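Residue-level structure breakdown
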There are 2 protein chains.
Amino acid sequence: MAKFELTRELIDLIRELIEQNNVAQLTEILLELHPADIAEIYEELSVDEAKFLYFLLDDDTAAEVLINLEEDDRQNFLKSLPSEEIARRFIDNLDTDDAADIISEMDEERQKEVLSFIDDTEVADDIADLLSYEEDTAGSLMAKELIKVRESWNIITCLRSMRRQVEEVDEVYFVYVVDDKDILKGTISLKRMLLASSENRVRELYNPDVISVNANTHSEEVANIMGKYDLVVLPVVDDNGKLLGRITIDDVVDYIREEAEKDYQLASGITGDVEISDSVWRHTRVRVPWLMIGMMGGLLGSRVISAFEGNIARFPEVAFFMPLIGAMGGNVGIQSSAIIVQSIASGNLGFETNWRKLGKEVSIALLNASALSVIAFIYNMIVGSSYALTFTVTSALFSVVLFASLLGTFLPLLLNKFKVNPAVATGPFITTLNDIVGMFLYLILSVYFFNLFM
Amino acid sequence: MAKFELTRELIDLIRELIEQNNVAQLTEILLELHPADIAEIYEELSVDEAKFLYFLLDDDTAAEVLINLEEDDRQNFLKSLPSEEIARRFIDNLDTDDAADIISEMDEERQKEVLSFIDDTEVADDIADLLSYEEDTAGSLMAKELIKVRESWNIITCLRSMRRQVEEVDEVYFVYVVDDKDILKGTISLKRMLLASSENRVRELYNPDVISVNANTHSEEVANIMGKYDLVVLPVVDDNGKLLGRITIDDVVDYIREEAEKDYQLASGITGDVEISDSVWRHTRVRVPWLMIGMMGGLLGSRVISAFEGNIARFPEVAFFMPLIGAMGGNVGIQSSAIIVQSIASGNLGFETNWRKLGKEVSIALLNASALSVIAFIYNMIVGSSYALTFTVTSALFSVVLFASLLGTFLPLLLNKFKVNPAVATGPFITTLNDIVGMFLYLILSVYFFNLFM
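In the annotation of an unreviewed UniProt entry, chain A is listed under the name Magnesium transporter MgtE and assigned to Xiashengella succiniciproducens. Of chain A, the UniProt comment under Function (unreviewed entry) reads exactly: "Acts as a magnesium transporter."

Structure follows, in structure tokens:
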């Protein structure tokens, strides 16, 4: 398969062919492409143009294209189709997990309507069941399609049953072994089956060391378990150990990427997914909210500083180091919170007690604060600042670094305890807060030292 | 398998048992655990304690534990073992990709020594070949183990050959189809084989639409391709299309996680992996470098401001909004650069020309700059600032936001062009630069407007 590259020329050509109603040539182009590539083309077209292409695709490809679209584009596209068409052309041709994902993006009424048009009641039930799990749980990530064999079967019976079952499943990674009550007992690899003789019973061959998760396990834990144990597929069970479905690594990769992007966006003060190619309006919408918070913080800061106007008028050199203090508070705060956020995300909080963590964080903060203050002190001595300014800057830097370290460490831990994404503490929020506190500390100290020395 | 949790109690127990030389009970504990869990325990122990455990493990488990260790811990541990032992106990029991990863962490002399102790010359050659690829390429990610069949074979011959081949391979995901010159022709799924009759030839059954990558493809592109096309395994070929090896998704997941963490760390001003549980010294070492840069920036900024001392002394209210200007420049710059860095990482730079990108970014910047300036203007009017201050703040905010947007957008693009990780532009570097430039603009404008109005 040739490597696909989305070019302006290709889009222009497709647009032109749609305009000319040139079905033959369009079909030829589409046949050469992977559904994921067609999805990229869809995203550059209008809904009407995309619909024109959609009628040229077979059902399987159309369904694959749909799940490869970005959520926004998919919603726009589906809005233009009747519920019956969605059920027949898409849902019947998708794995249950993808079908459930797509239906979950619709409003409740539409969901019911689409589900009512699914011919296979078993599939409809499976999807309805998947929709019942909370977002970001193993249940919401899993698919119902899997291959299972009973421990009492022999290899011949297994292979016969598997031939029937594989028709429903795209790829066979693992065969699950269950007992008569569908309780998960273990796995049997295809390799094992290939090497076994046909009279062997599953009971003698299967591997009982299977790692599984409960359907209510959080997706983050699912990702960590699959990563740690290098799993490609992970079975999901209910509270009684009954096999419910399986999670494949591709869904978890998507989850890992999304979470990493979300944390990165929060740290950068962006409130949603945005790419260079998105509209000016979208760019503005994801950027403005945090800028407003920064703005409010800055204006509040200006009130704090104005309370010290007299002191600044008498000793204007106090203003020289205001940006330094603000910036260092921000830098230190972001560093501390980022370390905590990463440790939380990777499940590596460690088992130190909170008191030990506090003790260590205080040591690190004291070390950094001392080092930076010494530099500030030496610098001020070299450039010949007054004693008042030197002591103000040195002591303010020390206090700000100490404060920002501790706030940056404990705010995310606190947010995490209250089930708020700790990454919100890494962005403009913590910088702004540190800015205001830092400025206040600095100016208070300047009043003290300038009164002392001058 | 019971869910494993690393606790202080477990570590204390294991330490005690090691002290007591209680091999029986230790073996019992270790037998219950997954190698990835044992690796977590290793990381809490001293090298001598870890070595004690290591002698209790069978070769396969010992090798698995080794690849699950963090790089630092692994290096420390391997240093204490003779090369022959490493080759015999570890390398022979690992997949070629894992073996190559571990050997690549050693110095060149040790590498040669370890390779010379590998009994199977084919394996030694495979590993030496893998070591020859540059870091962060498909070649460095791939493993040599795979199952391939010739297109001319029938299913019987395939199964016979596969039985031999599977003994070398842990899991069978795909069977590759090659011609007589080992050129990759396609894949045949196990499902397809299960459904076929035994006389069918591979030629009639295989799927020629196989996505592959050249061994020199960058890992980031490998990750994007596997993500986009939802691949669990990706074959690697040389320039002639000859099948060299395959990359499995677990290695790519590790890569994705590491890259996301690296970008996140760069954006937060941390220079390396660090977790809460790491030592105070390690924490200081990864934090201090960027803090120094922030510090230099702040000190340079203080020189810039001191040039305007006279103006600040006459009009101290100029100082009120200095932190606001600095913070907004930083916030806007980080936002802009983060969007570019994410777009570059996900391969979604789009096909707009640079001029179109510039045009759009200018529109976004103008929109944000206008909105924020209007707020600053209204605020200053409400609190009754002088005209001079109002115009200074409004126009400085406008210029700083515009400048920071454009710098934040084009600096990462420029770095990327020169093959420098663009994420370095998202951290303290861009904030510091924007701080200094912003302060300069603000103070220049204050001189102008205060001369105009006062």
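Additional details are given in the paragraphs that follow.
Some points on the interface of chain A and chain B
Listed per partner, the contact involves 120 residues of chain A and 120 residues of chain B. In total, chain A and chain B occlude about 11200 Å² of area from one another, counting both sides; carbon and sulfur atoms represent 66% of this. Joining chain A to chain B, the criterion identifies 6 salt bridges. We note a salt bridge from Lys228(B) to Asp37(A), for which the minimum N-O separation is 2.5 Å.

A short note on the nonpolar core
Ranked by internal contacts, the top residues of the largest apolar core, which has 136 residues, are Ile41(A), Tyr42(A), Phe90(A), Ile41(B), Tyr42(B) and Phe90(B). If sequence neighbours within four positions are ignored, Phe90(B) has contacts with Tyr54(B), Ala62(B), Ala63(B), Leu66(B), Phe77(B), Leu78(B), Leu81(B) and Glu85(B). Formed by 72 residues, the second largest nonpolar core is a distinct cluster that contains Ile312(A), Phe321(A), Ala376(A) and Leu397(B).

Thoughts on the relation of the copies chain A and chain B
At an RMSD of 0.1 Å, chain A and chain B line up after a rotation of 180 degrees and a shift of 0.0 Å along the axis. Both copies of the chain, as the preceding transformation shows, are related through a two-fold rotation axis. Across chain A, the smallest distance between a C-alpha and the rotation axis is recorded for Ala313(A), namely 2.5 Å. A share of 100% of interface residues in chain A that are also interface residues in chain B marks the association as one of identical surfaces.

Considering empty space enclosed by the protein
A water-sized probe, rolled over the atoms, reveals where empty space remains. For the coordinates displayed, the defined rule picks out 9 cavities of 30 Å³ or more. Considered as a void within the structure, the largest cavity measures approximately 500 Å³ in volume. Along the wall of the largest cavity there are 39 residues; nearest its centre are Thr431(A), Asp435(A), Ala327(B), Asn331(B) and Thr431(B). Listing elements by their share of the lining of the largest cavity, those giving two or more residues are helix 16 (249–268), helix 17 (280–306), helix 19 (322–345) and helix 22 (428–453) of chain A together with helix 16 (249–268), helix 19 (322–345) and helix 22 (428–453) of chain B. Here the lining of the largest cavity gets 8 residues from one element, more than from any other, and that element is helix 19 of chain B. Residues that form the lining of the largest cavity fall into these classes: 16 nonpolar, 21 polar and 2 charged.

Looking at helix 7 (residues 83–90) of chain B
Listing the buried residues of helix 7 of chain B in full gives Ser83(B), Ile86(B), Ala87(B), Arg89(B) and Phe90(B). Where the residues of helix 7 of chain B are buried, they touch helix 4 (47–54), helix 5 (59–68), helix 6 (71–79) and helix 9 (108–116) of chain B.

Remarks on the UniProt feature "transmembrane region" (unreviewed entry) in chain A
Using the residue numbers shown here, the UniProt feature "transmembrane region" (unreviewed entry) corresponds to residues 288–308, 320–341, 362–382, 388–415 and 436–453 of chain A. As annotated, residues 362–382 of chain A comprises 100% helix and 0% strand, and the C-alpha atoms at either end are separated by 30 Å.

What about the packing of aromatic side chains?
All names here are of chain A. Applying the stated criterion across every chain yields a total of 28 aromatic pairs over all chains. Through successive ring pairs, a cluster of aromatic residues spans Phe377, Tyr387, Phe391, Tyr448, Phe449 and Phe453. It is Arg89 that lies over the ring of Tyr54; its NZ or CZ is 4.4 Å from the centre.

Side note on helix 19 of chain A
Relative to the 34 Å expected for 24 residues at 1.5 Å per residue, helix 19 of chain A spans 35 Å between its end C-alpha atoms, a close match to the ideal helical length. Within helix 19 of chain A, 22 of the 24 residues are buried, leaving the element largely enclosed by the surrounding structure.

Regarding the domain arrangement of chain A
Once the domains are mapped, chain A shows domain 1 (8–136), domain 2 (148–249) and domain 3 (280–453). For domain 2 of chain A versus domain 3 of chain A, the separation of C-alpha centres amounts to 52 Å.

Quick look at the layout of surface pockets
For the second largest pocket, the calculated volume is near 440 Å³. Contributing to the lining of the second largest pocket are 20 residues, with Leu159(A), Leu194(A), Leu159(B), Arg163(B) and Leu194(B) lying nearest its centre. Across the lining of the second largest pocket, the residue classes tally to 14 nonpolar, 4 polar and 2 charged.

Observations regarding the packing of helix 19 of chain A against helix 22 of chain A
Residue and element names in this part refer to chain A. Their axes nearest at 8 Å, the elements helix 19 and helix 22 cross at an angle of 140 degrees. Here helix 19 lies oblique to helix 22, going by the angle between them. Considering only the axes of helix 19 and helix 22, their crossing is right-handed. Between helix 19 and helix 22, the residues in contact are Met322, Ile325, Gly326, Ala327, Gly329, Gly330, Gly333, Ile334 and Ser337 and Ile430, Thr431, Asn434, Asp435, Gly438, Met439 and Tyr442, respectively. When its residues are assigned to classes, the contact of helix 19 with helix 22 shows 7 nonpolar, 8 polar and 1 charged.

Quick look at the UniProt feature "domain: CBS" (unreviewed entry) in chain A
The feature "domain: CBS" (unreviewed entry), as annotated in UniProt, sits at residues 142–205 and 206–262 of chain A in this numbering. The span residues 206–262 of chain A is 42% helical and 23% strand by assignment, and the distance between its end C-alpha atoms comes to 40 Å.

Looking at a negative patch on the surface
Together, Glu70(A), Glu71(A), Asp72(A), Glu135(A), Asp254(A), Glu258(A), Asp273(A) and Asp230(B) give the surface a local cluster of negative charge. Going through the elements one at a time, helix 6 (71–79) and helix 16 of chain A are the ones with two or more residues in the negative patch. Secondary-structure assignment places Asp273(A) in the loop between helix 16 and helix 17.

Some words on the side chain of Asp179(B)
All names here are of chain B. Position of Asp179 relative to the elements: it lies in the loop between strand 2 (175–178) and strand 3 (184–188). Summary of buried charges: Asp179 has no salt-bridge partner, and the nearest side chain of opposite charge, Lys185, is 4.7 Å away. A distance of 2.8 Å separates a polar side-chain atom of Asp179 from the backbone nitrogen of Lys181. In contact with Asp179, not counting residues within four places along its chain, are Arg150, Glu151 and Lys185.

A few points about the packing of helix 1 (residues 8–19) of chain A against helix 2 (residues 23–31) of chain A
Residue and element names in this part refer to chain A. Interhelical geometry of helix 1 versus helix 2 gives an angle of 145 degrees and a closest axis separation of 9 Å. In this structure, helix 1 meets helix 2 at a crossing whose hand is left-handed. On helix 2, the residues that touch Leu13, Ile14, Leu17 and Ile18 of helix 1 are Gln25, Leu26 and Ile29. Considering only residue class, the contact of helix 1 with helix 2 consists of 6 nonpolar, 1 polar and no charged.

Quick notes on unusual backbone geometry
Unusually for a residue other than glycine, Asp230(A) sits at a positive phi of about 50 degrees. Tracing the chain through its elements places Asp230(A) in the loop between helix 15 (219–228) and strand 5 (233–237). Residue Asp230(A) is classed as partly exposed on the basis of its relative accessible area of 34%. A positive phi angle is found at Asp182(B), which is not glycine, with a value near 70 degrees. Given the relative accessible area of 17%, Asp182(B) is considered buried.

Regarding the sheet that holds strand 3 of chain B
Residues and elements named next belong to chain B. Spatial strand order, 1-2-3: 3 strands in an open sheet with mixed pairing. Each of the sheet's edge strands pairs with one partner strand only, and the pair in question is strand 1 (148–150) and strand 3. If you compare each strand with its neighbour and ignore which way they point, the axes differ by 35 degrees on average. Bridge count between strand 1 and strand 2: 3 bridges; the pairing is parallel. Considered in strand 2, the bridge of Lys148 is made with Tyr176.

Basis of the calculations
Residues numbered from 1 in each chain as written. Chains lettered and ligands numbered in written order. Predicted model: local features only at pLDDT ≥ 70, side-chain atom pairs only at ≥ 80, totals over all residues. Heavy atoms only, no water. UniProt positions renumbered as here; feature names shortened; annotations may be inferred. Contact = heavy atoms within 4.5 Å. Buried area = accessible area lost by both parts, 1.4 Å probe. Salt bridge = Lys/Arg side-chain N within 4 Å of Asp/Glu carboxyl O. Core = buried A, V, L, I, M, F, W, Y, C linked by side-chain atoms within 4.5 Å. Buried < 20%, exposed > 50% of the residue type's maximum accessible area, 1.4 Å probe, protein only. Least-squares fit on C-alpha atoms with pLDDT ≥ 70 in both. 1 Å grid on protein atoms, 1.4 Å probe; cavity = no way out; pocket = protein on both sides within 12 Å on 5 of 7 lines; lining within 4 Å. Points joined across faces, edges and corners; volume = space filled by probe spheres on them. Helix = DSSP H or I, 4+ residues; strand = E, 2+ residues; numbered from the N terminus. Nonpolar A, V, L, I, M, F, W, Y, C, P; charged D, E, K, R; others polar. Phe/Tyr/Trp six-rings, centres within 6.5 Å; stacked < 30°, edge-to-face > 60°. Lys NZ or Arg CZ within 6 Å of the ring centre and 35° of its normal. Expected span 1.5 Å × (residues − 1). Domains from an automatic or database assignment. Axes fitted to C-alpha atoms, helices over the stretch in contact; angles between N-to-C directions. Parallel < 35°, antiparallel > 145°, perpendicular 65-115°, else oblique. Left-handed = near helix turned anticlockwise from the far one by under 90°. Patch = residues over 30% accessible without salt bridge, like charges linked within 9 Å, V, L, I, M, F, W, Y side chains within 5 Å. Areas by Shrake-Rupley, 256 points an atom, 1.4 Å probe, with all protein chains shown as cover. Lys, Arg positive; Asp, Glu negative; His and termini not counted. Charge placed at Lys NZ, Arg CZ, Asp CG, Glu CD. Polar contact = N/O pair within 3.5 Å; in protein donor to acceptor, adjacent residues only side chain to side chain. Pairing = 2+ DSSP bridges.

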